[in-house]
Structures are given as C-alpha cells and as structure tokens.
Amino acid sequence: MSRDNVLPSATLAVSPHRAFAELSEVTRRPKFSFELGRSDEPRFREYLITALETFVSKYMAIFGFDPKGFRDPFSDRYDTPDVRARYLLLDSTRPLELTYTVAPSVENQQLLLDRERLKTELMAERRALLLERRRSEELTSENDKLWDCMSDIVKENQALIAMVIAQKHEKVCFHERHEGEVVERKGDQKVIVSYRSASGESIRQTYDKAQFSRRGLPEVGDRIQAYVMVATDRPPDAHAATDSELRKAFRGFSRGKTGKVVL
Amino acid sequence: VEVEIHILECGQGDTLLLHVNREKWVLVDCNLPPSRRGAFFRLVEQMQIRRLDLICLTHPHEDHYLGMGSVIEHFTSEGRSVGTYCDTGVNPLEIYKLLAADPRRESHPGEYIRLWNVLSDAIDNGLDYRYAHENATDFAFTQDGETIKLIPLGPSAAVIRSSVADALVKGKITASIRERLNFASVVLALRVRAPNGQFDGVLAADIDGVGFCRAMKLYCGINAHNGDSFPLDFVKVSHHGSLDSHEGSNVLKCRKPESSIAAISAGSKSAVLPDQTVMREFMDAGWIVLLTSKRNPRLPSGADSPLSLSDARGQLGCYNIRIHWAENGGLSWEPSEARVNVDDLDAYGTAA
C-alpha cells in the first residue's frame, strides 16, 4: 500500500476543538490519541497540524514544560508534507488510528520527581503543623483554665490578706454571715440573690458573672452563703497616725521663718 | 567661684545635690526608697559630705520626699549636720490629709509623717526651718550675700495655698488632683555674680508651664531685666520633661547665645516621660539636652557613672549628670553618654 493511496481515504474524526477539549482533561498522562477517518488530504493535514499545535501548547501549559525539552516528532515538520507521511508510517498497521506519546525530557522528569517529592514533604509538614496547632490550642485552652483557677485563688487570697491586714491594723469592725437563695437568673450573665436580714426583711443583691469563679453562675433555687468583713476605709499607713501623733509630728511647722539666710 | 550640680538617677523623681564653691552642699528633693538609701549614704560618704547646708523639699510628692526623713536623720547624727531646711510652707496636716486620702500605696503618708517627726525633732534641736515661696527667703552662700545665691522664684504663697486647698476641697484624690500639687512646686534659681563671670541656673522641680513662666518673670525683675525670659546657662527641666509642664513655660527663649544645658531627670515610662516633643523642641532651639536615663537600646547601657543610684541602670542605661561651672573655666558637663541626640528621639513617646 502506497502512501498516496491511503491518505485520500482517511478523514479526521476528531475535530481540533474536540481534541482541545480532551486535552483539557489530560493531567498526568502524557499520552494522546487521534482517530482518523475519511477525508481528503489537504483538510486532514490542516486539521492534524492545528490539533497537534493546540495539543502541544496546551500540554505544555498544563505541565509547565519547556518546549525545547519535548520530544515532539512534529516540532520541526509542521510546515512540510512529511507530516502526513510520518503519521502514516508510524501507524501503518492501524491506518485509522494515530497514537502520539509525549514524554518529558530526562531533566524535566527529574524536576517532576523533585516537585512530587517536595509536594509530599510539604504535605507532611502541613500535617505536622496542623497537629502542632491542635496541640497548641489544647495547651492554650488548658492554660486558660489554669489561669482562671489561679485568678480565683488570687481573689480568695486577696480577700484573706485584706482581712489579715485590716485586723493587724485594727480596722476590722465586724464579720457577718448571710444566707440567701438564688431567686432569678438573667441570662448567663447575672443572678439575683435574695437574703433575709436580721430584721426579717428581704434584701435582693445582683451579682455579675465576673464575680463568680470558673464554676460559673449558680442556678435558681441554689442556697448561697455570704461571709462579709466590715472594716474602716483608712489606708494602713494613715492608720498609724493618731491625732496626737500628728500633732507631735507636725509641731515644727509653725516655727518656719522667712528672710535672707547666709548659709 | 564655682558651682557643681549633680542630678542623681534615682528612678522617677528628683535627687539633686548642689556643691557650691567646693564647700557648701545643698540637697534638693530626694526619691530614695528603702532599697536605695544605702547606696545614697555610701555615695555621700564617698563624696565626703558631712554637712548639708541646705535641704529643700520643692513639693510634697513621694518622688520628691521619699527617704528625706532618713536623710535628715543621717545628717543629724554621728557628728554630721544639717544647716537649714526649707519647703513651700504649706501646712503639713493638709498635705497629710491629701496623702492619706490617696488610694495609691505609693503616696506613703507614713513616710511623710516620719519626715515631719524627724524634722520637728531637728527643729527642736536648732535646725533652721524656712518657708521657700516667692519673696520669702533668699539663701546666700557668701558673706556679702550677693555673689552666690539660691533664690526661690515661686510660686507665691497664695498659689500654693489655693493649689492645696483646691485639692482638699475635691476630697477624693485623683490623678488630676495629684497634679495640682505640682502647681505648688518651688522653683529655685542658682545665681552667681562673680568678678570674672556669671552663672544662671534654674531648678524647675515639677512646676507647670504657667508657673515656670511666672517664675522667670520674677527672675527678670531680680536681674533688672526687661522681658519675660532671662538667659540661663542651665535649667533642670520641669516635671521630668512632661508636655504639660513645658507648654506655656517660655523656657526655650531662655537659652544663652553661646550654649545652654537642659537636664531632665528620669521619668515614668508609662506616663510618656520624658516627652519626645519636649526634648525635640529644646534641641531645635539649640539647647544641649542631657538625660539621667536613656531608653534607647542602641545606646551603651554599661556606661553608668560611679554615682549612679538606680537599681535598673543595667536595663535602662542610667547616668548621674554632673554640671560644672567655674568662674574662669566656663560650663562643662559629663558624662557624654547622657546627651540626647536627635536620632535617639524616636525611642521616646509623646503625649502630643
């Protein structure tokens, strides 16, 4: 079978547009096939060249290959009649199908492998980072809880220290203990506690969430006990000074003088 | 005739020592918490100070009187002595009421009572106690009464009384009420009129800008000078270089044509002291600006002088400033690291 006898009977079953569409699905497979049908030779050649040009440019755009690195059998023959002959010769056993395999050069293959390796490493790093981040969030959450605990302890300590200092400076007037009940809860921010005074009156006191420890707000109906220290509001330093001490300390004041002094 | 001014780095506040004619010593204010008192007493031993001829408390804020009771006690024992003590003349009971009402623990009313306890004992034993407000007292260092003088320039007794009374009326002490006591700060002028030269220095304590302006008018009058500013060799900048104490003060116009020094004692970092704008304006006007502490990390921090009292000098790079003026030697200062350069200014904040 001569070459001239075969070509007129071939047609391009796949238009350049369809070839383009199929190419867009090509991702990692460097392989592409044209099916050839009946057609006259000039149209076939035109279609074939257009399709291959589209294929090669699209393929390179997808994989980022350098055109020089392609083993493209048509790259230097698009404008010559040998294109047709080449195809027919390549697929002489199956004249209606043309298979064209594109493979990256050795250098590009190495780059691809490196790229894949780096991608793998990146994914591993990302995963490790994600795990670390989760761990960090867990620790932060745990830390917040510890801070809350410490804050509670500090508050309690402050109350105790304030009482001890006040007692040391004899500022404490008296202690009280009141019992009451949570009678209303306003959302998750406030509760109202009703105390019963010594004279039998009901005293309502509103507490904010911030006043409670990390255990949160009590529920309606919970019994409440309040321990109150009542002390005078004089600072410790000031308390040291009684009126007689002040008179003694400041007695020099009235003896100040004015006028010229030779030192 | 010569004078030396030591501005000691003592954290926020003023501790100034004046050495007049190599024989008289003056202490103006002190901020000596218990942890620093030992260092101060070692320093005065090292400088062989056995007598403080004058102690001046410019105003009753803790960063100016803390430890003063201990200082008087120290200098009235073991053969040492204090000549004269002066303050604004405000009733200490009124001050005590303000301090006791101050919710901050730093107000130290106990220290104030201790100061007066020690002071009253010393007055009983012959200490000369003087009121140092405007037109009340002059302190002369020479027998002629004129060559070297320390002159309280103000404020007037009326301003002092109204500042304290105003604060008392308000009752509860707030930051702004505390600031009002600054209006009652004594401004001191160190005036030297020697045969071969003259020196004019002003120690502004914490006076506000308007008060400083008024003090300078008074100094113009003392020197028979027409105008509202008088050329100074030296000014200890008011209130650790705050903007409030600078605005309206007229101080920039008080520079001498040859050179003038503006020294700023350490200020609070949290309160933007010293203020970048204040230092910049001094420099723009041609003043040499010295600072007892620098926060610029680019500057050497280990160059502290042997006089430095600050516990924090390793971190802040603190210095004691020494200004020296001699009749035949002119004005000099040290250490060189204490001078602030324009490039350093960005390291400081501003309230402007």
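Attention here is on the structure that accompanies the text. Keep in mind that this is a model prediction, so the values were computed, not measured.

1. A look at the nonpolar core
- Of all hydrophobic cores here, the largest spans 49 residues; its most connected members are L52, I55, V71, I72, Y85 and Y112 of chain B.
- Residue contributions to this core peak at 8 residues, all from helix α5 (residues 109-124) of chain B.
- Apart from residues no more than four positions distant in its own chain, Y112 of chain B is found in contact with F250 of chain A together with P60, Y65, P92, I95, Y96 and L99 of chain B.
- Core analysis: the next-biggest nonpolar cluster, separate from the first, contains 34 residues, L18, L150, L203 and L290 of chain B among them.

2. So, the environment of D144 of chain B
Residues and elements named next belong to chain B.
- Tracing the backbone through its elements, the reader meets D144 in the loop between β7 (139-140) and β8 (148-154).
- Looking at D144, the relative accessible area reads 48%, which means it is partly exposed.
- Polar side-chain contacts of D144 include one of 2.9 Å to the backbone nitrogen of E146.
- A distance of 2.3 Å separates a polar atom in the side chain of D144 from a polar atom in the side chain of T147.

3. Looking at the state of the cysteines
- For the structure on display, the rule yields 0 disulfides over all chains.
- Free of any disulfide, C56 of chain B has its nearest neighbouring cysteine sulfur in C86 of chain B, separated by 3.5 Å.

4. A look at the interface of chain B and chain A
- Taken together, the contact between chain B and chain A spans 36 residues of the former and 22 residues of the latter.
- With both sides pooled, the region where chain B packs onto chain A buries about 2600 Å², and carbon together with sulfur makes up 57% of that total.
- For the chain B face of the interface with chain A, the top three residues by lost area are Y96, R130 and Y131 of chain B, together amounting to 19%.
- Counting across the chain B and chain A interface gives 5 salt bridges.
- A salt bridge links D124 of chain B to R251 of chain A, with the shortest nitrogen-to-oxygen separation between them at 2.5 Å.
- Of all elements in the fold, only β4 (51-56), α4 (92-101), α5, β6 (128-131) and β7 of chain B reach the threshold of two or more residues within the side of chain B that touches chain A.
- Looking at the side of chain B that touches chain A, the element that brings in the most residues is α5 of chain B, giving 10 residues.
- Its residues assigned to classes, the side of chain B that touches chain A comprises 17 nonpolar, 10 polar and 9 charged.
- Note that strand β8 (residues 261-262) of chain A and β7 of chain B share 2 bridges and pair parallel. Along β7 of chain B, the bridge assignment pairs V262 of chain A with A140 of chain B.

5. Some remarks on the pairing of β6 of chain B
Residues and elements named next belong to chain B.
- Alternating residues of β6 divide into D128 and R130 and Y129 and Y131, and every residue in both groups is buried.
- Here 4 bridges tie strand β5 (residues 81-87) to β6, and the two strands are oriented parallel to one another. Bridging from a neighbouring strand, C86 pairs with R130 of β6.

6. Some thoughts on a negative patch on the surface
- Negative charge collects at one region of the surface, where E179, D244, E247, E281 and D284 of chain B lie side by side.
- Among the secondary structure elements, D284 of chain B is positioned in helix α10 (residues 276-284).

7. Quick word on the packing of aromatic side chains
- Considering all chains together, one arrives at 13 aromatic pairs over all chains under this definition.
- Pairwise contacts between aromatic rings join F250 and F253 of chain A together with Y65, Y85, Y96, Y112, W116, Y129 and Y131 of chain B into one cluster.

8. Points about unusual backbone geometry
All names here are of chain B.
- Along the chain, E334 connects to P335 via a cis peptide bond; the corresponding omega equals -5°.
- If you trace the backbone, P335 turns up in the segment after β15 (330-334).
- For E78, which is not glycine, the phi torsion reads 50° and is therefore positive.
- Secondary-structure assignment places E78 in the loop between α3 (68-75) and β5.
- Notably, A224 is not glycine yet its phi reads approximately 50°, a positive angle.
- Note on A224: relative accessible area 72%, which makes it exposed.

9. Side note on the pattern of salt bridges
- Applying the stated criterion across every chain, the model contains 31 salt bridges over all chains.
- In this structure, D138 of chain B and K260 of chain A form a salt bridge, with 3.2 Å as the shortest nitrogen-oxygen distance. One end of the pair, D138 of chain B, is in the loop between β6 and β7; the other, K260 of chain A, is in the loop between α7 (243-249) and β8, on a second chain.
- Of the residues examined, D138 of chain B reaches a relative accessible area of 17% and is grouped as buried.

Definitions and limits used
- Residues numbered from 1 in each chain as written.
- Chains lettered and ligands numbered in written order.
- Predicted model: local features only at pLDDT ≥ 70, side-chain atom pairs only at ≥ 80, totals over all residues.
- Heavy atoms only, no water.
- Core = buried A, V, L, I, M, F, W, Y, C linked by side-chain atoms within 4.5 Å.
- Buried < 20%, exposed > 50% of the residue type's maximum accessible area, 1.4 Å probe, protein only.
- Helix = DSSP H or I, 4+ residues; strand = E, 2+ residues; numbered from the N terminus.
- Contact = heavy atoms within 4.5 Å.
- Polar contact = N/O pair within 3.5 Å; in protein donor to acceptor, adjacent residues only side chain to side chain.
- Disulfide = S-S within 2.5 Å.
- Buried area = accessible area lost by both parts, 1.4 Å probe.
- Salt bridge = Lys/Arg side-chain N within 4 Å of Asp/Glu carboxyl O.
- Nonpolar A, V, L, I, M, F, W, Y, C, P; charged D, E, K, R; others polar.
- Pairing = 2+ DSSP bridges.
- Patch = residues over 30% accessible without salt bridge, like charges linked within 9 Å, V, L, I, M, F, W, Y side chains within 5 Å.
- Areas by Shrake-Rupley, 256 points an atom, 1.4 Å probe, with all protein chains shown as cover.
- Lys, Arg positive; Asp, Glu negative; His and termini not counted.
- Charge placed at Lys NZ, Arg CZ, Asp CG, Glu CD.
- Phe/Tyr/Trp six-rings, centres within 6.5 Å; stacked < 30°, edge-to-face > 60°.

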